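# Results of the structural survey
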Amino acid sequence: MALWKPDPTFYASPRDAASAPAEKLAYVAAFDRAAEKPDAIAVLDVDPGSGSYGSVVGWTDLPYLGDELHHFGWNACSSALCPGSPHPHVERRYLIVPGLRSSRVYVIDTKDDPAAPTIVKILEPDELAKRAGYSRPHTVHCGPEGLYLTALGGANGEEGPGGIALLDHSSFEVLGRWEVDRGPQYYAYDAWWHIAHDVLVSSEWGTPSMVEDGVVGELLLGRKYGHSLNFFDLRKRKHVQTVDLGDEHQMVLELRPAHDPTKQYGFVGVVVSVEDLSASVWVWHRDGDAWAAKKVITIPAEPADAADLPPVIQPFGAVPPLVTDIDLSVDDQWLYVSCWGTGELKRYDVSDPFNPVEAGSVRIGGIVNRTPHPAAPDQRLAGGPQMVEVSRDGKRVYVTNSLYGSWDDQFYPDGVGAWMAKLDSTAEGFAFDERFFPNGDDFRGLRPHQTRLQGGDASSDSYCYP
């Protein structure tokens, strides 16, 4: 139903978003690796003044098995206020939730009872295949004229190319393939944009067979995974440039463009260098009439006894950081970097994006260290900070510990467990909130992955006004 006035959770500028009321609920995608029970959306109470703070207060089971929920998003957000293609009377109401293994897409309504979301529509895999030519949907972003759904694979068993499908804002039907001219782009993963400049950026992981059963050593050492950024004209839907980071930099994943719409730069994380097992963060930026990328953060591997390592990395005698997610605060000051392998979450001051300064670090989990949460100092934790989400005002940072089922099993073969943590982030410090640690049975045997915050978060919205 259309609104008379724009949704109050649509913000014209990053400044407006940061000053809006704080979230009270968080939605977390959780999946069953064994595919013996349905995946679910867990609802967490994140209101510090509530008697159920830090607890799971809602739960929505999906109707099928084996979806493996991954990255999901809102049906509409602040981009609806953009002047180029305005839709100010839609509302942030539905979660669009893809199943990475099943290729289904669920539409889940949060409006009537935000703590008890309900499924209102299911897009079956053949709809995505028939209308867009894609499979294995990965990431959802709300654009001003529709929903952008990135996908790793082609249709009808084809490995690729992966790309972007566009969904209707209101009916959630698949409109078709977004790309008019994809150029040389073949691998897909994330996509974001500089919306005021009509620029879309996409990143690269691999085709379904390259990722679904874990990291394939021969492909990794053969430098066969994605290692480039692709730039498109957002309006013409046409590829304009590829920026290759170098084939030693394998798996170019999460994209975080500046929130300030006057800026044309952003950050991207690289999982691993095959030369030294380090991970890195790069900044892409305008360089005259072209795009360029520069490595601005390098995180080295940590030496370890081979006996303490899982088989996949035993020959290397070291723990790779495995940067699998990054997130940029809405004011563009703080960049959070998840090192899922070493169990570290780093915070950088990126006020100068070309010269980040480390400004805080915490440890939790990790392949070797198994660092406990301060709330349970005797509980050794598997997994590590993986998906990271930041509140609009930048004061709260949420992390979950599961990456992707097959990767979990490779790097944490004794079990990855299930936990979520929250950190308080201020100019003075960066530390765990000891009151917030849902874990284990709280997630009913499922593994928590991505978090979305009520009213939007640092990676859900794009803004058209500075």
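Computed from a predicted structure; not experimentally measured. (Residues numbered from 1 in each chain as written. Predicted model: local features only at pLDDT ≥ 70, side-chain atom pairs only at ≥ 80, totals over all residues. Heavy atoms only, no water.)

Attention shifts here to the overall build of the chain. Summing up its helical and strand segments, the chain has five helices and 30 strands in all. Relative to the globule expectation of 23 Å for 466 residues, the C-alpha radius of gyration of the chain, 20 Å, shows essentially globular dimensions. Structurally, the chain occupies a C-alpha span of about 60 × 50 × 45 Å along its principal axes. Sorting the 466 residues of the chain into buried and exposed places 62% on the buried side. Relative to all contacts within the chain whose residues are 6 or more apart in sequence, the contacts with residues 24 or more apart total 58%. Summing over all exposed atoms, the chain offers an accessible surface of approximately 16,300 Å²; the carbon and sulfur share of this is 49%. Looking at charge distribution, the chain has the averaged site of its 40 positive side-chain charges lying 4 Å from that of its 66 negative ones. (Helix = DSSP H or I, 4+ residues; strand = E, 2+ residues; numbered from the N terminus. Rg over C-alpha atoms; globule rule 2.2 N^0.38 Å. Buried < 20%, exposed > 50% of the residue type's maximum accessible area, 1.4 Å probe, protein only. Contact = heavy atoms within 4.5 Å. Areas by Shrake-Rupley, 256 points an atom, 1.4 Å probe, with all protein chains shown as cover. Lys, Arg positive; Asp, Glu negative; His and termini not counted. Charge placed at Lys NZ, Arg CZ, Asp CG, Glu CD.)

Attention now goes to the state of the cysteines. If you walk through the whole model with that rule in mind, you get two disulfides. Between the sulfur atoms of Cys 77 and its disulfide mate Cys 142 the distance is 2.2 Å. Judged by the sign of its S-S torsion, about 120 degrees, the bond between Cys 77 and Cys 142 is right-handed. Taken together, the residues span a long stretch of sequence, with Cys 77 in the loop between strand S4 (73–74) and strand S5 (94–98) and Cys 142 in strand S8 (residues 134–143) at a distance of 65 residues. (Disulfide = S-S within 2.5 Å.)

Let us look at the packing of aromatic side chains. For the structure on display, the rule yields 18 aromatic pairs. With a centroid separation of 4.7 Å and 10 degrees between ring planes, the pair formed by Phe 231 and Trp 291 is classed as stacked. Taken together, the positions of Phe 231 in strand S14 (residues 228–233) and Trp 291 in strand S19 (residues 290–299) put the pair 60 residues apart, joining distant regions of the chain. Each member of the pair, Phe 231 as well as Trp 291, carries the same accessibility label: buried. Cluster of aromatic residues (ring-pair linked, three or more members): Tyr 189, Trp 205, Trp 340, Tyr 404, Trp 407, Phe 411 and Tyr 412. The residue whose ring lies beneath Arg 104 is Tyr 64, and the NZ or CZ to ring-centre distance is 3.9 Å. Between Arg 347 and the ring centre of Trp 334, over which it is positioned, the NZ or CZ distance is 4.0 Å. (Phe/Tyr/Trp six-rings, centres within 6.5 Å; stacked < 30°, edge-to-face > 60°. Lys NZ or Arg CZ within 6 Å of the ring centre and 35° of its normal.)

Let's shift gears to the nonpolar core. Of all hydrophobic cores here, the largest spans 30 residues; its most connected members are Trp 205, Met 251, Trp 407 and Phe 411. Residues Tyr 148, Trp 193, Ile 195 and Val 268 belong to the second largest nonpolar core, which totals 26 residues. (Core = buried A, V, L, I, M, F, W, Y, C linked by side-chain atoms within 4.5 Å.)

With that settled, consider the sheet that holds strand S17 (residues 265–273). As summarised here, the arrangement of the four strands in space is S16-S17-S18-S19, forming an open sheet in which the pairing is antiparallel. What marks the edges here is a single partner per strand, and that holds for strand S16 (249–257) and S19. Put simply, the sheet's adjacent strands are angled 30 degrees from each other on average, direction ignored. (Pairing = 2+ DSSP bridges. Axes fitted to C-alpha atoms, helices over the stretch in contact; angles between N-to-C directions.)

Here we take up the sheet that holds strand S27 (residues 396–400). Taken in spatial order, the four strands make up an open sheet running S26-S27-S28-S29, and their pairing is antiparallel. The sheet is open, and its two borders are formed by strand S26 (388–390) and strand S29 (430–432), each paired with just one other strand. Between one strand and the next, the sheet's axes are offset by a mean angle of 25 degrees, whatever the strand orientation. Both strand S28 (residues 420–425) and S29 contribute to a ladder of three bridges, which runs antiparallel. From the neighbouring strand, Leu 423 faces S29, where its bridge partner is Phe 432.

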